[in-house]
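# Residue-level structural notes
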Amino acid sequence: MYTRLRDLRQDMDLTQAECAKIAFISKNSYIRYEIGERIPPFDVIVNFAKYYDVSIDYIAGLTNDKRKFWK
């Protein structure tokens, strides 16, 4: 999961601090998620899925299909 978060962030040219603001978390928490030190809670994953317009399964690494399945 952590590589997906990093890759999505880099694809959008965002800083780690900007991603922390998107998810309403501290920068240090985001860094821990991105390096795989901690697993983000579900609400944080949902925030990122909505922001990046990808599926939760994609962020979790369960699929390589970025398409979201909600409207």
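Presented here is an overview of the structure given in this document. (Residues numbered from 1 in each chain as written. Predicted model: local features only at pLDDT ≥ 70, side-chain atom pairs only at ≥ 80, totals over all residues. Heavy atoms only, no water.)

## Section: the overall build of the protein
Helix and strand content of the protein: five helices and zero strands. Shown N-terminal to C-terminal, the secondary structure of the protein runs as helices and strands in the order α-α-α-α-α. Here the protein has a C-alpha radius of gyration of 11 Å; the compact-globule value for 71 residues is 11 Å, and the two agree. Along the first, second and third principal axes, the C-alpha atoms of the protein reach 30 × 20 × 20 Å. Residues classed as buried in the protein amount to 34% of the 71 residues present. Looking at the protein alone, contacts between residues at least 24 apart form 43% of all its contacts between residues at least 6 apart. (Helix = DSSP H or I, 4+ residues; strand = E, 2+ residues; numbered from the N terminus. Rg over C-alpha atoms; globule rule 2.2 N^0.38 Å. Buried < 20%, exposed > 50% of the residue type's maximum accessible area, 1.4 Å probe, protein only. Contact = heavy atoms within 4.5 Å.)

## Section: the pattern of salt bridges
Taken as a whole and judged by the stated rule, the model has three salt bridges. When the shortest N-O distance is used, the salt bridge between Arg-32 and Glu-37 registers 3.3 Å. Assessed through its relative accessible area of 33%, Arg-32 is described here as partly exposed. By relative accessible area, Glu-37 is classed as exposed at 52%. (Salt bridge = Lys/Arg side-chain N within 4 Å of Asp/Glu carboxyl O.)

## Describing the packing of helix α1 (residues 2–11) against helix α3 (residues 27–34)
Here α1 crosses α3 at 115 degrees, and the two axes come no closer than 7 Å. Taken together, the residues of α3 that come into contact with α1 (itself represented by Tyr-2, Leu-5, Arg-6 and Arg-9) are Tyr-30, Tyr-33 and Glu-34. Here the residues of the contact of α1 with α3 are counted per class, giving four nonpolar, no polar and three charged. (Axes fitted to C-alpha atoms, helices over the stretch in contact; angles between N-to-C directions. Nonpolar A, V, L, I, M, F, W, Y, C, P; charged D, E, K, R; others polar.)

Geometry only, nothing functional implied.
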